[in-house]
Amino acid sequence: MLEVGNSYSETRVASEEIIEEIAKISGDVNPIHLDETYAKDSVFGKRVAHALFCQNIISMIIGNFLPGKGAILVSQTFKYHCPVYLGDKIEATVVVKEVLPRGKYVLDTVCRNQSKEIVLTGVSIVKWQNK
């Protein structure tokens with residue numbers, strides 16, 4: 001049984017390899033993610049990771065650790081506060097915010113970079129039964 005305040009964190013680096021894999025799998029080949037020359041002239045001044053990078057870490061936590069095996073995503077919202085650049089080390093944390101009836105849970109999600117800046121916040125609602 002999950003309780004309010006339960007949490008789990010995981011850290012990943014936005015590596016070249018991961019960004020290329022996300023581009024392949026998602027089909028998002030925007031040069032802002034893949035082409036340093038193009039990205040240099042962008043508003044960010046260098047390449048940025050796909051939005052999916054942080055979302056994937058959160059999904060991995062929900063599906064494997066909190067709540068874990070058998071978790072089903074009902075809804076999810078995200079707000080991006082600043083970009084994730086290639087090489088950034090991102091810590092994603094998922095916290096049980098609320099326990100709802102019928103095995104549903106509200107989870108707060110936050111991602112921070114190596115400077116502890118918040119890059120993403122969000123809320124996920126999941127359905128899960130402890131088996």
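Residues numbered from 1 in each chain as written. Predicted model: local features only at pLDDT ≥ 70, side-chain atom pairs only at ≥ 80, totals over all residues. Heavy atoms only, no water.

Q: So what about the environment of C111? Which residues, and what values?
A: Tracing the sequence through the fold places C111 in strand β4 (residues 104-112). Separated by 69 residues in the primary sequence, C111 and S42 place their C-alpha atoms 23 Å from one another. (Helix = DSSP H or I, 4+ residues; strand = E, 2+ residues; numbered from the N terminus.)

Q: Account for unusual backbone geometry, naming residues and giving values.
A: Across the junction of L66 and P67, the peptide omega takes the value 5 degrees, indicating a cis bond. Within the secondary structure layout, P67 lies in the loop between α4 (51-64) and β2 (72-80). Of note, the phi angle at R102 is positive, near 60 degrees, even though the residue is not glycine. Along the polypeptide, R102 turns up in the loop between β3 (89-100) and β4.

Q: Describe the pairing of β4, listing the residues and the values that go with them.
A: Here β3 pairs with β4 via 9 bridges, running antiparallel. Within the sheet, the bridge partner assigned to V99 lies in β4 and is Y105. Remark: 3 residues form the turn of the hairpin made by β3 and β4, two consecutive strands paired antiparallel; R102 in that turn has positive phi of roughly 60 degrees. Pairing geometry for β4 and strand β5 (residues 118-127), over 9 bridges, is antiparallel. In the sheet register, T109 faces β5, and the bridge partner there is G122. In textbook terms, the turn of a hairpin is the stretch between consecutive antiparallel strands, and for β4 and β5 this stretch comprises 5 residues, one of which, K116, has a positive phi near 70 degrees. (Pairing = 2+ DSSP bridges.)

Q: So what's going on with the packing of aromatic side chains? Which residues, and what values?
A: Aromatic ring pairs are described here by two measures, namely the spacing of the ring centres and the angle between the planes. Tallied over the full model, the rule gives 2 aromatic pairs. Where Y8 meets F65, the ring centres are 4.4 Å apart and the plane angle is 5 degrees; that geometry is what we call stacked. Of this pair, Y8 sits in strand β1 (residues 7-13) while F65 sits in the loop between α4 and β2, placing them 57 residues apart in sequence. By relative accessible area, which is 26% here, Y8 ends up partly exposed. Positioned above the aromatic ring of Y85, the side-chain terminus of K46 is 4.5 Å from the ring centre. (Phe/Tyr/Trp six-rings, centres within 6.5 Å; stacked < 30°, edge-to-face > 60°. Buried < 20%, exposed > 50% of the residue type's maximum accessible area, 1.4 Å probe, protein only. Lys NZ or Arg CZ within 6 Å of the ring centre and 35° of its normal.)

Q: Could you give an account of the side chain of E10, with specific residues and numbers?
A: Mapped onto the elements of the fold, E10 is located in strand β1. Relative accessible area serves as the criterion here: at 18%, E10 is assigned to the buried category. Side chain to side chain, E10 and Y8 meet in a polar contact 3.0 Å long. For E10, the side chain forms a polar contact with the side chain of R12, separated by 2.9 Å. Setting aside its immediate chain neighbours within four residues, E10 contacts I57, M60, I61, F65, I90, E91 and A92. (Polar contact = N/O pair within 3.5 Å; in protein donor to acceptor, adjacent residues only side chain to side chain. Contact = heavy atoms within 4.5 Å.)

Interpretation note: all reported values are geometric properties and have no functional meaning in isolation.
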